[in-house]
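Observations on the model geometry
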Amino acid sequence: MQAIRSIVVLTGAGISAESGVATFRGPDRLWEGHRVEDVATPEAFARNPVLVQAFYDARRAKLAEVEPNAAHEALARLDAHWPGDLLIVTQNVDDLHERAGAKRLLHMHGELKSAWCLACDARMPWDAPISDGPSCTVCNAPGHLRPDIVWFGEMPYEMERIDRALMDADLFVSIGTSGAVYPAAGYVQTARYAGARTLELNLEPSLGSVFFHESRIGPAGRLVPEWVEEMLAG
C-alpha cells in the first residue's frame, strides 16, 4: 500500500445528525417541514423571500442548541496533528467543524453564519436574523442580504480547489454522506481514478459504496475517532 501524505475528507449530513442537526431531507422528503423546492432554490427566494429568510434565520438560531460531537472533534485532532496535506470538504452549512477546532476546512455549500450582499457582492460573517432587512456591513445598503448558502441550481464553492486536492490525494475519505447529491457524490470516482485509496465511513452503505475500496458501517461518532487514531498512530 502506498504511503499516505495527502488526505481529502468529505463530510455530509450524517456527521452533524449525531449532534442533533436536522438532515437535509427527512424520510417524508421534507426539510424541517418544508419542500426543498420552496426554501432551497433561487426561484423560491425570488418568489417568497420572506419564507426563505425566515427558514434560514431559524436554522441559524438553532446552531446555538447543538454542539460538535466526537466525529467533529476527531477530525479537528487530525487537522491539528496530520503532518501532510489535508482538506476537509464539508457539504454541511453548520459551524460544528469550526467549533471543534478544524482549520483546513472548506464549505462547498456555504455557511449559515455568513451573509451575501446582492448589492456589492460581499460576503461577511453573520449571526443575526436577515429577514428584518439589515444593512450590509461593507456597503451599508439595507435589505440586500441573503443567506450565503448554495441552493439547487447554483454552483458549489471552490470547485477548482477541490478538484486539485482530489487529483493530488493519496486517500479520500467520505463520512456521513448519502452519495446522492452531485457534484460531491462523484468525488470518490475522481479520487480513485487519480490513484487514491478510498474509504467510506457511514451509518449505512451510500449510493456510491461500490466505488470505495473499503466501507466501514456504523455511527460517525465511533468510526471517525477510530480511523483518526489509526492514521495518527500509523
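Residues numbered from 1 in each chain as written. Predicted model: local features only at pLDDT ≥ 70, side-chain atom pairs only at ≥ 80, totals over all residues. Heavy atoms only, no water.

The name recorded for the protein chain in an unreviewed UniProt entry is NAD-dependent protein deacylase, from Allosphingosinicella indica. Quoted straight from UniProt, the Sequence similarities (unreviewed entry) entry for the protein chain says "Belongs to the sirtuin family. Class III subfamily." What the UniProt record of the protein chain gives under Subcellular location (unreviewed entry) is the line "Cytoplasm". (UniProt positions renumbered as here; feature names shortened; annotations may be inferred.)

Attention now goes to the pairing of strand 1 (residues 6–11). Burial analysis of strand 1 places six of its six residues in the buried class, the great majority of the element. Residues Ser6, Val8 and Leu10 point to one face of strand 1 and Ile7, Val9 and Thr11 to the other, with burial holding for every one of them. Where strand 1 meets strand 2 (residues 85–90), six bridges bridge the pair, whose relative direction is parallel. Looking at the pairing, Thr11 lines up with Thr90 of strand 2. Relative to strand 7 (residues 171–175), strand 1 is paired through five bridges, and the arrangement is parallel. Within the sheet, the bridge partner assigned to Leu10 lies in strand 7 and is Ser174. (Buried < 20%, exposed > 50% of the residue type's maximum accessible area, 1.4 Å probe, protein only. Helix = DSSP H or I, 4+ residues; strand = E, 2+ residues; numbered from the N terminus. Pairing = 2+ DSSP bridges.)

On to the sheet that holds strand 5 (residues 123–125). Spatial ordering of the open sheet is given by 5-4-6, a layout of three strands whose pairing is antiparallel. At either end of the open sheet lies a strand with only one pairing partner, and these are strand 5 and strand 6 (145–149). Across the sheet, the mean angle from the axis of one strand to that of its neighbour is 45°, orientation sign disregarded. One ladder, built from three bridges, connects strand 4 (residues 110–117) with strand 5; its direction is antiparallel. Across the sheet, Ala115 pairs through a bridge with Met124, a residue of strand 5. Each of strand 4 and strand 6 is contacted by helix 4 (residues 49–62), which is oriented at about 55° to strand 6, the strand it contacts most. (Axes fitted to C-alpha atoms, helices over the stretch in contact; angles between N-to-C directions. Contact = heavy atoms within 4.5 Å.)

Further remarks concern the UniProt feature "binding site: Zn(2+)" (unreviewed entry) in the protein chain. What UniProt calls "binding site: Zn(2+)" (unreviewed entry) maps, in this numbering, to Cys117, Cys120, Cys136 and Cys139. For the residues just named, distributed over 23 residues, the greatest C-alpha separation is only 8.6 Å, placing them together at one site. Exposure remark for Cys117: the relative accessible area of 0% places this residue in the buried category. If we ignore the near neighbours within four places in the chain, the residues touching Cys117 are Ala122, Met124, Cys136, Cys139, His144 and Leu145. Mapping Cys139 onto the fold places it in the loop between strand 5 and strand 6. A relative accessible area of 32% means that Cys139 is categorised as partly exposed. Filtering out sequence-adjacent residues up to four positions away, Cys139 remains in contact with Cys117, Ala119 and Cys120.

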